[in-house]
Each structure stands twice: as C-alpha cells, then as structure tokens.
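Take a look at the letters that make up each chain.
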Amino acid sequence: QKKDLSVVIAYDTRHKSPEFSEVASEVFAANGIKVYLFSEQTATPILSYAVRHLKADGGLVITASHNPKEYNGYKVYTSDGTQAVPKYAEIIINEVNKLDYFTDVKRMNFDEAVKSGMVTVLDDTVYNDYIQEIYGFIQTLNPKINKDLKFIYSPLHGTGYRPVMEILEKLGVNVIAEPSQAKPDPDFSTVSYPNPEDKGAFKLGIELAEKENADIICATDPDSDRIGVFEKSEKGYITFNGNEMGIMLSHFILTKLKEQKKLPQNGLIIKTIVSTDMIFPIAADFGVSVEQTLTGFKFIGERMEYYHCNGNRKYIFGFEESYGSLAGDHARDKDAVIAAALIAVMTSELKNKKMTLKKYLDTLYKKYGFFKESLLSYTFEGYEGVQKIKNIMSKMKKEPPVKISGIKLTESVDYNVGIEELPKSDVVELRYSGKIKLIARPSGTEPKIKFYIMVNSPDEKTADEIIKQAELTVGEFVN
C-alpha cells in the first residue's frame, strides 16, 4: 500500500457542508491521510482539477448537486479526478458496511490536524491555476467577444458565482449577475428546485434579462457542473436542452479547431448512450470519432483518462443530455464554468454574424438531419414502486412494443449482459429500423424509471410526430 496518501476536500453552499467537510478532514487526518481542504465553497469541477493538479490520491465534495435543499451528499473522486465508477464505489460501500455503527472511526481535532500539518487549508493558488487553465484553453480558439452581447448569469445560490463571473469578465464578456441568486443560500429561497434543467429556476433571470434587454441567460446548479441556457427571441426567451447545447458546442469547437488548424487527426468526442445521436454525422464531417458510455459523466471521465494514458485518441469534448459537458483536459468531470465561457464565446461570434443560437441550431438540423429527443420520467414510491419498476424493465426485455408510429422493432439491446465492452447496467435499448431508439433505465438515486426517446427524421414535422407517437406508446406500456 502506498505511503503518504492524500485527498482534496471541497464543499458547496448547502446546510452543514462546511461542517461535514471538517469532520471528513478530521477522520482522514486521524488515519494518517493528508488533507487539502478548500477554504470556501467550491465548484465540483475545481475539485476534479485540484485532485489532478495536486497529484492527490483521491478527493471528495460535500454536495447534493442539483437536488432540493433537504439533501446533502458525498461525491468521491479517484486519483485521476474522476468520480468513482461502480467498481470503486462498491469497494467503498463494502468498507462502510463493515463499520460497527461508526463507533470505531478514528477522528482528530480539526485545529490539531491543521497545526500538525495533516490538514492544509488551501489558499487561492489552485483556484487561480484552474481559472488560468480554462482561460488558456478558450484563447486557443481565438475568441472574438462581441461587446454588445449582454449576458445574464445566475449561480442559483451555489458555488458558481466566483469562477463563472471571473472567467467571463477576464474574457471581456458584458455579464450581469442576477443579484438575489448570486448570494450563497442553503435554502435556495428564490427557487423551488435549484436545477438549471427546470425552467422555473430561470424566473428571476428572465425578469432581469427583459429589463436589461439581454441576449443570453445562463444558470448553473449549486455545485456548478450543469448549465442551462435561455436566449432572447421574437417569441420571448426560449431555452435549449442538454442535447441541443451539446450539439452546438461540439460543432462550434470543431469548427474553431479546424479554422486554427488544430483539429487532431485522432480526435474524439464522448457521449452517453442516452444523449443525441446527431453527434455522429457531425463528427464524421470533421473526421472525428465518437465513443459512447453508460449514463453518468464519471464514465466519460474514465474513458478520457484511458486515452490520456494510452495516447491513441485525443479527447476534444464530452457531453450528456442532462446539461453537463466538458471541453479540455483540465478535469475529469462535467464543468459548467468552462461551459459558460464557451457559451459566451459562441453566442458572441454568432452575434458578430447576426445569428442566434436558434438559427445556428436550425442550420445544423438542415445539414445533418433532424434528430429530436424526449425524456419521460415515471415515479413509483415505496416497495410496491420498486417491484413496479422491475416489472416494467422485465416487460421491456420480454414483451417490448413491436412498432412505434408504424416503424418496426429491429433490435433489442440488454446492457445487463455486458454490451459493446461497457460495464453491465440495468438498461434496455430498443432500436426501430435506424429511425427510433427507445431506452429505459431505473434512476440510480430516485424511485423513478426513465424513458429516453431518440428520433432521426428527414424533416422536423415528421420527427415531432414520431416523438408524440412514441410518448403515447410509452404511456400505454407503463400503465
């Protein structure tokens, strides 16, 4: 076993997060493991960066991400800065289960741990290096910031305020923070749900944008790894889902790299299996390959690290439908800070061309085909709910819908048997003549089952009709 082990600890703005981070520090210190503790609430992607930057053996963030105020949690990271994948998470849980009601846990007084050198409270050096690395990456794209672009930003009372505002101001973006949501607040008192996937979280941002006649509104979740976007249009402010934003950012980055003659021959984009397939024709157009992982950005981080060590592919960008993405090599987790910077640069350059995000997305659809997605989520509480979800998954395997919108089922893929070199997972994917995908999986954290509908059609109207029919089919199937 390696000697002189070390971990990095960060925490968000939730109730008791600072206290929990100190308790974790005390336990690590008492067990001879050196701790690097952030001195203030810190975005999750900065923790991922810090683990790598400090060459630590692991890391953790006290956070419940985008969940309601009642929750708090514990994200564990391995030495490569990746959130622990199942094979490591299972080892950790097994060790926790061996504990005798936590009575045999060693613990050192926090002040003594700091005095002894077992806990180091970090100054701004790591944070500043992180900001500089992101800034350096953006500069390689030769950004052209439009000073007339007005950008509204909200951290939804979380950790994003300092890094997002700093990187945008450093780039010269005309950014205004939504004042009431800029303040850390463990109760998230201005929103019912601090999640940028929830349109309701943008209410105050939209009000400020209307007052300022702003072009773009962005909001990040409390630990600043997810980002949502609204854009001014003739019909008011409209939003884009994670798939749409992933497509636009992918195409924009590939275009900029090609213009700068920096597009690698062995370039790679990684997405999750439930994220849009529209990336395949786009990547092919640029001579870049695409790899898929199971749901969860940790699997993207794991593949990033594999190629970083083996060197046979050059990672460019990764994204998932749940509003997470990562550009660059500085971290191994989704990063809403660099995403905010990229969105600002992309919208600036589009404004220079008198284009909007909506027009940009429409041009991509016309060039690469209409790929549309829909997500349906069903909640089943309690023990009966668990059994209901199991029965639905079993039915998906044994008696799946044979047709959707007149299109025949041609292939059924059960990821629980280990498919395409991916780890086993309770996921079923139904493929209908290369035009429709229907993917079902139970949520890993909530009493829900989720259905991902993915359609590829030559025109938007047909795609929308197939989506509606697929949603009806799923509703009948579940009920």
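Everything that follows concerns the structure shown earlier in this document.
All values derive from a computational prediction rather than experimental measurement.

> In this structure, what is going on with the sheet that holds strand S11 (residues 267–272)? I would like to understand it.
Read from one edge to the other, the open sheet built from four strands follows the order S12-S11-S13-S14, with strand pairing classed as mixed. Edge positions in the open sheet fall to strand S12 (289–293) and strand S14 (324–327), since each of these has one partner strand only. In this sheet, neighbouring strand axes are inclined to one another by 20 degrees on average, regardless of whether the strands run parallel or antiparallel. In the sheet, S11 pairs with S12 via five bridges, with the strands oriented parallel. Bridge pairing links Thr 272 to Thr 293 in S12. Sitting on the sheet, helix H8 (residues 242–259) touches S11, strand S13 (314–320) and S14, and the angle it makes with S13 is about 160 degrees.

> Explain the environment of Asp 414 to me, please; I cannot follow it from the model alone.
If you trace the backbone, Asp 414 turns up in strand S18 (residues 411–414). At a separation of 2.9 Å, a polar atom in the side chain of Asp 414 contacts the main-chain amide nitrogen of Asn 416.

> What am I meant to see in the sheet that holds strand S5 (residues 119–121) here?
Across a sheet, paired strands are connected by hydrogen bonds in the backbone, their directions being either parallel or antiparallel. In spatial order, the strands read S4-S3-S1-S2-S5; together these five strands make up an open sheet with mixed pairing. Looking along the sheet, the strands with just one partner apiece sit at the ends: strand S4 (74–78) and S5. Going across the sheet, the axis of each strand differs from the next one's by a mean of 20 degrees, ignoring polarity. Taken together, the four bridges between strand S1 (residues 6–11) and strand S2 (residues 34–37) define a ladder with parallel strand orientation. In the sheet register, Ile 9 faces S2, and the bridge partner there is Leu 37. The strands touched by helix H1 (residues 17–30) within the sheet are S1, S2, strand S3 (58–62), S4 and S5, with S1 carrying the most contacts at an inclination of about 170 degrees. Contacting S1, S3 and S4, helix H2 (residues 44–53) runs over the sheet at an angle of about 165 degrees to S3.

> Please explain the environment of Ser 21 as it appears in this structure.
Mapped onto the secondary structure, Ser 21 falls in helix H1. For Ser 21, a relative accessible area of 1% gives the class buried.

> Just checking my understanding: could you explain the nonpolar core for this structure?
One broad rule of soluble globular proteins: the nonpolar side chains tend to lie buried together. Formed by 105 residues in total, the largest nonpolar core has its most connected members in Phe 151 and Phe 451. Counting residues per element, this core draws most heavily on helix H11 (residues 336–352), which supplies twelve residues. If near-sequence neighbours (up to four positions away) are discounted, Phe 151 is found in contact with Leu 168, Val 173, Asn 174, Val 175, Ile 176, Ile 216, Cys 218, Ala 340, Ile 343 and Ala 344.

> Help me out: how do you make sense of a nonpolar patch on the surface in this one?
A contiguous nonpolar surface patch, about 320 Å² in accessible area, is contributed by Ile 92, Val 96, Phe 102 and Val 105. Here Phe 102 shows up in the loop between helix H3 (86–98) and helix H4 (110–116).

> How should H11 be read in this particular structure?
Residue pairs three or four apart in sequence face the same way in an α-helix, which turns once every 3.6 residues. Between the first and last C-alpha of H11 there are 24 Å, a value that for 17 residues agrees with the 24 Å anticipated at 1.5 Å per step. Of all 17 residues in H11, 15 are buried; the element is thus mostly enclosed. Its side-chain oxygen 2.8 Å from the backbone nitrogen of Val 337, Asp 335 forms the N-cap of H11. With its phi angle positive at about 60 degrees, Lys 354 sits one or two positions after the end of H11.

Parameters at a glance
Per-chain numbering applies: the sequence of each chain, read as written, is numbered from 1 onward. Predicted model: local features are reported for residues with pLDDT of at least 70 only, side-chain atom pairs are reported and counted for 80 or more only, and whole-chain, interface and lining totals are derived from all residues. Where side-chain values are given, they derive from all heavy atoms of the structure, hydrogens and water being excluded. One requirement defines pairing of two strands: DSSP has to find at least two bridges between them. Per the convention used, a helix needs a DSSP run of H or I reaching at least four residues, while a strand needs a run of E reaching at least two, with both numbered from the N terminus. Every axis corresponds to a line fitted to the C-alpha atoms, with the helix fit spanning only the stretch in contact, and the corresponding angles, defined between N-to-C directions, vary from 0 to 180 degrees. The contact rule is simple, with two residues in contact once any of their heavy atoms fall within 4.5 Å. Under the rule applied, a polar contact is a pair of N or O atoms within 3.5 Å (in protein, one hydrogen donor and one hydrogen acceptor; residues adjacent in sequence only if both atoms are side-chain atoms). Using a 1.4 Å probe on the protein chains alone, a residue whose accessible area is under 20% of its type maximum counts as buried, one over 50% counts as exposed, and one in between counts as partly exposed. Among buried residues, the Ala, Val, Leu, Ile, Met, Phe, Trp, Tyr and Cys ones that are joined through side-chain atoms within 4.5 Å form a nonpolar core. Two distance rules govern patches: like charges are joined within 9 Å, and nonpolar side chains (Val, Leu, Ile, Met, Phe, Trp, Tyr) within 5 Å, applied only to residues with over 30% relative accessible area and no salt bridge. Each accessible area is a Shrake-Rupley estimate made with a 1.4 Å probe; only the visible protein chains count as cover when residues are assessed. The term salt bridge refers to a side-chain nitrogen of Lys or Arg lying within 4 Å of a carboxyl oxygen of Asp or Glu. One less than the number of residues in a helix, times 1.5 Å, gives the span that helix is expected to have.

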